[in-house]
Amino acid sequence: QQVDNCDFFGTYFKDQHKVLAMDFDGIWVSSEEYKSKLLKAKGLNIKPPHTSRDRTLAMGVPFDDYMEVSVRAGLDILEHGTPEPGLDKYWNKITKMPELKIYIITSRYDKMIPPLIRFIQKHKTHVDGVFNVNNEPKKEIIERLSPDVFVEDSLIKLSQVLSNSH
């Protein structure tokens, strides 16, 4: 379920349970290979590990081209992809931990959230909620959620969370 921040934080009490907060892209699924293929089709030879937004734009890829590829890859991976290898190995153990609440904090765009939720349901993985920051920094939601553990694969997004400025 997508969480409405106003309703959720009006009744949220952190001390009642442990909280695991995690990013989605790069943790649950990876669209790097697919983004690389789509970029190649546009005449851009960018290897899968270098398909992040910041790296791709720094290489001179036009913003509109990157966004088209990123959104298409992000939606297609949810429709046709599977969870990252190894996630299923630990997921059942994690979800059986007593008093643990699990939240996804993603930087996707709003139109990408319903397919994300369908992906989670399709693969029978349980989360307690999904927060979407619409490609904005995750710092505010992390501060409000106050997770015991936060899993993020983007060094840039992690450094935004850890920065002292708002």
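Presented here is an overview of the structure given in this document.

Analysis parameters
Residues numbered from 1 in each chain as written. Predicted model: local features only at pLDDT ≥ 70, side-chain atom pairs only at ≥ 80, totals over all residues. Heavy atoms only, no water. Helix = DSSP H or I, 4+ residues; strand = E, 2+ residues; numbered from the N terminus. Buried < 20%, exposed > 50% of the residue type's maximum accessible area, 1.4 Å probe, protein only. Salt bridge = Lys/Arg side-chain N within 4 Å of Asp/Glu carboxyl O.

Brief notes about unusual backbone geometry
- One non-glycine residue with positive phi stands out, namely Asn135, at about 65°.
- As for its position among the elements, Asn135 is in the loop between strand 3 (129-132) and helix 7 (139-145).
- Classification of Asn135 by relative accessible area gives partly exposed; the value is 24%.
- Although it is not a glycine, Ser146 adopts a positive phi angle of roughly 50°.
- Mapped onto the fold, Ser146 is located in the loop between helix 7 and strand 4 (149-151).
- Using a relative accessible area of 36% as the deciding quantity, one classes Ser146 as partly exposed.

Let's talk about the pattern of salt bridges
- Counted under the stated rule, the structure contains 7 salt bridges.
- A salt bridge links Glu68 to Lys42, with the shortest nitrogen-to-oxygen separation between them at 3.3 Å. Pair noted here: Glu68 is in helix 4 (residues 63-80) and Lys42 is in the loop between helix 2 (32-41) and helix 3 (53-58), with a separation of 26 residues, a long-range link.
- In this structure, the salt-bridge partner of Glu152 is Lys138, at a minimum N-O distance of 2.7 Å. Of this pair, Glu152 sits in the loop between strand 4 and helix 8 (155-162) while Lys138 is found in the loop between strand 3 and helix 7, placing the two residues 14 residues apart along the sequence. In this structure, Glu152 and Lys138 share a single accessibility class: buried.
- Salt bridges here are not isolated pairs; linked through shared partners, they connect Asp23, Lys138 and Glu152.

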